[in-house]
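Here is how the chains run, residue by residue.
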Amino acid sequence: MTGETAPRMVEAFAHAAGSAAVRVPGGAAGWVGSLTHIHIAPAASYEMEEVSKAVCVAGRGIEGDRYFLGTGTYSPKPDVREVTLIEQEALDALNRNDPPLQEGPLRLLPGDHRRNLTVRGVPLNHLVGRRFRVGAVILRGGRLNFPCRYLEELLGMPVYLPLYNRSGLNCGIESGGVIRPGDAIALLD
């Protein structure tokens with residue numbers, strides 16, 4: 001990290017969505033999910049690399065990832081993107097063409113969607129403004145992630161509409177540490 005300038009991040013609960021949601025009780029409770037895959041990329045448009053563990057640093061992101069390094073496509077725009085997550089269930093639905101929003105099934109692998117963490121059994125849309133644990137790391141849900149035309153261009157697939165409202169969650173890291181596939185994920189409050 002010597003000589004690096006940290007990218008400007010918006011604290012998750014300071015984001016407009018996170019700050020509104022954190023004051024309102026509700027959301028899904030009583031679930032326990034798991035981390036299935038971890039991916040990082042060193043810079044914008046680089047292929048995502050699957051890793052067997054990740055070092056999460058509060059206020060920065062995942063060591064070695066483009067948003068930790070400030071080299072991501074959207075790095076010049078401060079936002080909540082220390083860690084991004086997507087549900088495996090959303091990928092499974094695309095593979096079934098459910099709902100039928102395109103001509104047929106889309107096979108989107110965990111390394112294709114450009115999110116850092118692929119999770120199973122985690123209701124991400126309910127975690128805006130909530131604290132939750134991934135292994136030993138505590139995350140704060142800041143805002144829902146929305147698909148972009150840039151992702152369609154990179155993949156050469158019509159994913160914009162099928163991923164709308166299920167494109168994942170952008171989070172801040174409250175308490176860092178090491179995470180690995182297989183780690184349990186649970187709501188804290």
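For the structure, check the block above.
Residues numbered from 1 in each chain as written. Predicted model: local features only at pLDDT ≥ 70, side-chain atom pairs only at ≥ 80, totals over all residues. Heavy atoms only, no water.

(A) Main features of helix α3 (residues 88-96). Within α3, the full set of buried residues consists of Gln88, Ala90, Leu91, Ala93 and Leu94. Buried residues along α3 sit in contact with β5 (83-87), β6 (117-120) and α5 (160-163). Positive phi shows up at Asn97, right after α3, with a value of about 60°. (Buried < 20%, exposed > 50% of the residue type's maximum accessible area, 1.4 Å probe, protein only. Helix = DSSP H or I, 4+ residues; strand = E, 2+ residues; numbered from the N terminus. Contact = heavy atoms within 4.5 Å.)

(B) Geometry of the pattern of salt bridges. Scanning all chains against the criterion turns up 8 salt bridges. Here Arg143 ties to Asp79 by a salt bridge, and the two come within 2.8 Å at their closest N and O atoms. One end of the pair, Arg143, is in strand β8 (residues 137-144); the other, Asp79, is in the loop between α2 (66-69) and β5, and 64 residues separate them in sequence. By relative accessible area, Arg143 is classed as buried at 15%. Overall, the relative accessible area of 12% leaves Asp79 in the buried class. Put simply, Asp98 and Arg96 hold a salt bridge, and the shortest N to O gap is 3.2 Å. Taking relative accessible area as the criterion, Asp98 reaches 37% and is therefore assigned partly exposed. Note on Arg96: relative accessible area 51%, which makes it exposed. Each of Glu11, Arg131, Arg140 and Glu174 takes part in a single network of salt bridges with overlapping partners. (Salt bridge = Lys/Arg side-chain N within 4 Å of Asp/Glu carboxyl O.)

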